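# Structural characterization, general
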Amino acid sequence: MSDEKIILKAEDLDGYLTEDDQNDLRTLEAMYKDTLKAFNPVDQEKIVSSFDEMGHKMQDICAKHPNIKVFSFDTEEGAHAEASRVISKLRDVRTDHSEFIYYSQRAYEMLFRLAFTDQHSDKKNHIIVKTPVDNPVQNYAVHKIPDIDYKIQDSVMCVMLRGALLPSMIMSKEIQEYSSTDYVTPFELFKISRDDTKKENDMQYILNLKNSFFDLAEMDGKDLIFADPMNATGGSLVTVVKYLQSQGVKPKSIKFFNVISALKGSLRVTRALENCTCYTLWMDPVMNEKAYIMPGLGDAGDRLNGRDTQERPRNIIQLIADYGHNITGLYRSQLRKIEQTVLGAL
C-alpha cells in the first residue's frame with residue numbers, strides 16, 4: 001500500500017445536510033442544553049422528563065428518514081427494555097472490561113436481528129443437529145431459521161480499526177450462523193483515525209493506506225458492512241467509502257451498525273452515501289465541541305480493547321492475541337480470515 005493519507009474535513013460533511021436537517025439538529029441541541037441544567041445539581045425528575053422529550057423528538061425526526069433504523073424506534077415495545085438495559089450497562093462507568101465485551105456482543109446480536117431477521121418470512125432453512133444422546137439410537141434435532149442467504153451471501157466486513165474489530169467479528173459470526181453454506185465474510189481492514197486536537201466544526205479524518213489491508217476487487221458490487229460501536233460525526237465511514245468509490249468500487253449496498261449514534265452522524269452518512277442504511281441500538285441527541293457523543297459512553301475502543309501506550313501501539317495481530325482464548329476460540333473462523341488478509345499482504 002502507498003503511504004498516502006486521505007483527509008476529509010467535517011465541513012465537507014455538513015454540506016450533505018438539508019435545511020430541515022439543520023433545523024432538527026438545532027432543536028435537539030437546544031433541548032440538550034436545557035437538560036444539562038439538571039445535571040448539577042442532579043434533578044432526577046427533570047432529567048427523566050427531558051430525555052423522554054428528546055427521545056420522542058428523535059423518533060419523529062427518524063421517521064422522516066427510512067435509511068435510519070433505531071432499535072428502540074423500529075421494534076415492538078416489548079423489546080425496548082432489552083435495549084435500555086444493554087445500553088445502560090455499556091454507559092455505566094462501573095462496567096469493567098469483560099462485562100463491556102459481553103454487553104457489546106449482546107448489542108450486535110440485537111442489531112443483526114433488526115437488520116436481517118426481524119421481518120417475517122415464510123422461507124426457512126433447516127438446521128439438523130447431532131445431539132449427545134445415542135440411546136437407543138443416535139438422536140438428531142431439527143431447528144428452523146429464516147432463510148436469509150440472499151441477504152448475506154455477498155457480505156464483506158469492512159473494519160475501521162481498533163474499536164471496530166471485535167464488533168465486526170461478532171457480525172461476521174452471526175452471518176456465518178445464519179448461512180446455509182457456513183459463509184464466512186471476507187475482511188477488509190482500514191486504518192482510520194480522527195484528529196482529536198480539532199473541534200467538531202473543523203474535524204479531520206485520516207485514512208492511512210500504508211497500514212490498511214484490503215482488496216478493491218473483493219468489495220466491488222458487494223454488500224459492505226461496517227460495524228463501529230460509535231457513530232459521532234459519520235466522518236470515518238464517509239472517508240472510507242468516498243475513497244473506495246474514487247478507486248472504482250461500486251458497492252451494492254452499505255450497512256453501518258452502531259451501538260450508539262449521534263443524530264447528526266446518522267443524518268450525514270445516509271445523506272452522503274447512496275444506498276446506505278444506518279442501524280443503531282440507541283440514538284443520542286448531540287455532540288460536544290470535540291465531537292464526542294453526549295451523553296455517550298466514553299471511548300468504546302479503549303473499553304473493548306484496553307488502551308495502548310503512545311510509545312508502543314499494538315498492531316492488529318497483537319490486538320487479537322490480547323483478546324485471549326475465550327474470544328479467539330469463539331471467533332476462530334473469523335480470525336483465520338483476518339490473519340489471511342493481514343499476513344497475505346505482508
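See the structure printed just above.
Anyway, here's the lowdown on the structure attached to this text. (Residues numbered from 1 in each chain as written. Predicted model: local features only at pLDDT ≥ 70, side-chain atom pairs only at ≥ 80, totals over all residues. Heavy atoms only, no water.)

Another point: the overall build of the protein chain. Along the backbone of the protein chain there are 15 helices and 13 strands. Computed over C-alpha atoms, the radius of gyration of the protein chain comes to 21 Å, within 12% of the 20 Å expected from 2.2 N^0.38 for 346 residues, which places it in the range of a compact globule. C-alpha extents for the protein chain along the principal axes are approximately 70 × 50 × 40 Å. Counting only residues that meet the buried cut, the protein chain has 49% of its 346 residues in that class. Accessible area of the protein chain: about 17400 Å², with a carbon and sulfur share of 47%. In the protein chain, 43 positive and 52 negative side-chain charges are present, and the distance between their average locations comes to 2 Å. (Helix = DSSP H or I, 4+ residues; strand = E, 2+ residues; numbered from the N terminus. Rg over C-alpha atoms; globule rule 2.2 N^0.38 Å. Buried < 20%, exposed > 50% of the residue type's maximum accessible area, 1.4 Å probe, protein only. Areas by Shrake-Rupley, 256 points an atom, 1.4 Å probe, with all protein chains shown as cover. Lys, Arg positive; Asp, Glu negative; His and termini not counted. Charge placed at Lys NZ, Arg CZ, Asp CG, Glu CD.)

This structure, assessed with the given rule, holds 9 aromatic pairs. Aromatic side chains Tyr-102 and Tyr-103 sit 4.9 Å apart centroid to centroid with 75° between the ring planes, which places their arrangement in the edge-to-face category. Of the residues examined, Tyr-102 reaches a relative accessible area of 41% and is grouped as partly exposed. Tyr-103 gets classed as buried once you look at its relative accessible area, which sits at 12%. Aromatic rings pair up to connect Phe-112, Phe-116, Tyr-178, Phe-257 and Tyr-279 into one cluster. (Phe/Tyr/Trp six-rings, centres within 6.5 Å; stacked < 30°, edge-to-face > 60°.)

Under the defined criterion, the tally for this structure stands at 0 disulfides. You can see Cys-158 has no disulfide; the closest cysteine sulfur is in Cys-276, sitting 11 Å from it. Left unpaired, Cys-276 is separated from the closest cysteine sulfur, that of Cys-278, by 5.4 Å. (Disulfide = S-S within 2.5 Å.)

A rise of 1.5 Å per residue sets the reference length of helix H10 (residues 235–246), with its 12 residues, at 16 Å; its end C-alpha atoms lie 16 Å apart and thus fit the reference within 8%. Of all the residues in H10, the buried ones are Gly-235, Leu-237, Val-238, Thr-239, Val-240, Val-241, Tyr-243 and Leu-244. Looking one or two residues beyond H10, the residue adopting positive phi is Gly-248, at roughly 95°. (Expected span 1.5 Å × (residues − 1).)

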